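Analysis of the macromolecular model
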Amino acid sequence: MQQAGSSGSETEVTWEDQQKINQFSRLNNRFHELEDEIKLAKETNDNLEDASNELILTDDDIVRFQIGEVFAHIPKDEVETRIEQMKEVTSKNLEKLEEEKESIVAQMDELKKILYGKFKDSINLEED
Amino acid sequence: MASTSASAIEGTVTERRGIPAAAFVEDVQTYLSQSGLDANSALAFFQERLQQYRVVEMKLLAQQRDLQAKIPDIEKCLDVVAALQAKKGTGEALLADFEVSEGIYSRARIEDADSVCLWLGANVMLDYSCEEATALLQKNLENAKASLEVLVADLQFLRDQVTITQVTIARVYNWDVHQRRTRQAIVTTES
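Counting restarts for each chain, with residues numbered from 1 along the sequence as it is written. Here the convention is simple: chains get letters from A, ligands get numbers from 1, in the order in which they are written. Owing to the predicted nature of the model, reporting of local features is limited to residues with pLDDT of at least 70; listing and counting of side-chain atom pairs is limited to 80 or more, with chain, interface and lining totals taken over all residues. Side-chain measures here rest on the full set of heavy atoms in the structure, leaving out hydrogens and waters.

1. Looking at the overall build of chain A
- In terms of helices and strands, chain A carries two helices and four strands.
- In chain A, the order of α-helices and β-strands from amino to carboxyl end is β-α-β-β-α-β.
- The size measure is the radius of gyration over C-alpha atoms, and the globule rule it meets is 2.2 Å times the number of residues to the 0.38 power. Over its C-alpha atoms chain A spans a radius of gyration of 24 Å, topping by over 25% the 14 Å that the globule rule assigns to 128 residues.
- Summarising its shape, the C-alpha atoms of chain A cover approximately 75 × 20 × 20 Å along the three principal directions.
- Think of it in three bands: residues with accessible area under 20% of the maximum for their type are buried, residues over 50% are exposed, and the middle band is partly exposed, with areas taken using a 1.4 Å probe on protein chains only. Going through the 128 residues of chain A one by one, you find that 34% of them count as buried.
- Any pair of residues with heavy atoms lying within 4.5 Å of one another is described as a contacting pair. Taking the contacts inside chain A whose residues are at least 6 apart along the sequence as the reference set, 66% of them involve residues at least 24 apart.
- Here chain A has roughly 8100 Å² of accessible surface; of this, 50% comes from carbon and sulfur atoms.
- Counted as positive: Lys and Arg. Counted as negative: Asp and Glu, with His and the chain ends omitted from the count. By convention, the charge on Lys lies at NZ, on Arg at CZ, on Asp at CG and on Glu at CD. Computed over 16 positive and 33 negative side-chain charges, the separation of the two mean positions in chain A equals 4 Å. Helix and strand definitions here come from DSSP, where helices need a minimum of 4 consecutive H or I residues and strands a minimum of 2 consecutive E residues; each element is numbered from the N-terminal end. For the area figures, the Shrake-Rupley method with a 1.4 Å probe applies, and any residue is considered shielded solely by the protein chains shown.

2. Examining the nonpolar core
- In these notes, a set of buried Ala, Val, Leu, Ile, Met, Phe, Trp, Tyr and Cys residues joined through side-chain atoms within 4.5 Å is what counts as a nonpolar core. With 72 residues, the main nonpolar core has Val79(A), Tyr31(B), Ala42(B), Phe46(B) and Val172(B) as its most contacted residues.
- For this core, the secondary-structure elements that each account for two or more residues are helix 1 (15-57), strand 2 (62-67), strand 3 (70-75) and helix 2 (76-119) of chain A together with helix 1 (28-35), helix 2 (39-88), strand 5 (115-121) and helix 3 (130-190) of chain B.
- The biggest single contributor to this core is helix 3 of chain B, with 16 residues.

3. Describing the pattern of salt bridges
Residues and elements named next belong to chain A.
- By convention in these notes, a salt bridge is any Lys or Arg side-chain nitrogen within 4 Å of a carboxyl oxygen on Asp or Glu. Taken as a whole and assessed by the stated rule, the structure comprises 25 salt bridges over all chains.
- Glu84 serves as the salt-bridge partner of Lys87, at 3.7 Å between the closest nitrogen and oxygen. Of the two residues, Lys87 and Glu84 both sit in helix 2, three residues apart, roughly one turn of that helix.
- The exposure class assigned to Lys87 is buried, which follows from its relative accessible area of 14%.
- On the basis of relative accessible area, Glu84 is assigned to the partly exposed category, the value being 44%.
- Within the structure, one salt-bridge network assembled from shared partners comprises Arg30, Glu33, Glu37 and Glu100.

4. Here we look at the UniProt feature "coiled-coil region" (unreviewed entry) in chain A
- UniProt positions are given in the numbering used here, feature names are shortened, and annotations may be inferred rather than shown by experiment. UniProt feature "coiled-coil region" (unreviewed entry): in the numbering of this structure it lies at residues 24-114 of chain A.
- Annotated as 80% helix and 13% strand, the span residues 24-114 of chain A places its first and last C-alpha atoms 11 Å apart.

5. Points about helix 2 of chain A
- Multiplying 1.5 Å by the helix residue count minus one yields the expected span of that helix. Its 44 residues give helix 2 of chain A an end-to-end C-alpha distance of 63 Å, which sits within 8% of 64 Å, the value for a rise of 1.5 Å per residue.
- At the exit of helix 2 of chain A stands Lys120(A), carrying a positive phi of roughly 45 degrees.

6. Comments concerning the environment of Ile110(B)
Residues and elements named next belong to chain B.
- On the secondary structure map, Ile110 appears in strand 4 (residues 104-110).
- Under the relative-accessibility criterion, Ile110 is labelled partly exposed at 32%.
- The spatial distance from the C-alpha of Ile110 to the C-alpha of Leu95 is 6.2 Å, given a sequence separation of 15 residues.
- In this view, Ile110 contacts Leu84, Ala93 and Leu94; residues no more than four positions away in its chain are not counted.

7. Quick word on a negative patch on the surface
- Exposure above 30% relative accessible area and the absence of a salt bridge qualify a residue for a patch, where like charges join within 9 Å and nonpolar side chains (Val, Leu, Ile, Met, Phe, Trp, Tyr) within 5 Å. Where like charges cluster on the molecular surface, the negative patch consists of Asp59(A), Asp60(A), Asp61(A), Asp77(A) and Glu80(A).
- Considering the arrangement of structural elements, one finds Asp77(A) in helix 2.

8. Focus: the state of the cysteines
- Throughout, disulfides are identified as pairs of cysteine sulfur atoms within 2.5 Å of each other. One pass over the structure, following the stated rule, counts zero disulfides over all chains.
- Free of any disulfide, Cys130(B) has its nearest neighbouring cysteine sulfur in Cys117(B), separated by 11 Å.

9. Side note on the sheet that holds strand 3 (residues 94-101) of chain B
- With antiparallel pairing, four strands are arranged side by side in an open sheet as 2(A)-3(A)-3(B)-4(B). Either end of the sheet is taken by a strand with one partner, and the two such strands are strand 2 of chain A together with strand 4 of chain B. Neighbour-to-neighbour, the strand axes of this sheet turn through a mean angle of 30 degrees, independent of strand direction.
- On the sheet, helix 2 of chain A packs against strand 2 and strand 3 of chain A and is oriented at approximately 115 degrees with respect to strand 3 of chain A.
- Only C-alpha atoms enter the line fits that serve as axes; for helices the fit covers just the stretch in contact. Angles between N-to-C directions range over 0 to 180 degrees. Together, strand 2 of chain A together with strand 3 and strand 4 of chain B form the strand contacts of helix 2 of chain B, whose direction differs from that of strand 2 of chain A by roughly 140 degrees. Only strands joined by at least two bridges in the DSSP assignment are considered to pair.

Take a look at the structure:
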């Protein structure tokens, strides 16, 4: 995370500056959360891909599909439809997460410019 | 130690659900003379505040993890009830494989289901019609999501206070270093 202040320089920190620093910290936290969520969503997507590939290969009519904690016996076609739906939901979710991540990166860059502009060496906004 | 006075900003929150807000220090010199503290005592006070914030943060993070685990569970229950309801009209039984013990599965044949039993906690299980069960689970899900939102907002507020305190510590420390240097410079010029 970032630290502010170093060799006793005289730049004063105003309330607006403090709020910008707080905002940067919030964005940074959300950025890390998003990275984790994106990783999870990608994994889910991959699993669903694998599942639908397996489905094409199998010649059973009834497939055991997990609902909750149990595996229900469901006809292959219905399982295919369900998996397609789940894939759509996950890809939309993934898209949304990626968009949010881009927006956050842009906002963080903006704030970095402003804060480095005022505080130069007295502030460190890089990942440690 | 009583809450130290610092130039307060109009319209800011002084605390949120038991978490005291960190007062923003406009000017270090003014703050130290108003509160009558020297730099070291002020630093000690802020460090202690930081520790308290950390403790609360741990607690809130634990609560957040619990809620985040609970929400998918409720969603799974809703899926199962929906599956049962879907089968109701058809007259077929639902065959399901379930885990009896780790690694051991058995097959269940679920005939037309008019009602489901929901585990309410505290060793209590109640019978509900599918519609009532869906409604109850839905309500629980919404409550859990709402609590999570409030919790996340609390955490954000807390982290802001931590950041403010860290910045204040840095500024007081720098001010102190600056003071020592100036005094040192005066002493050397006088000698």
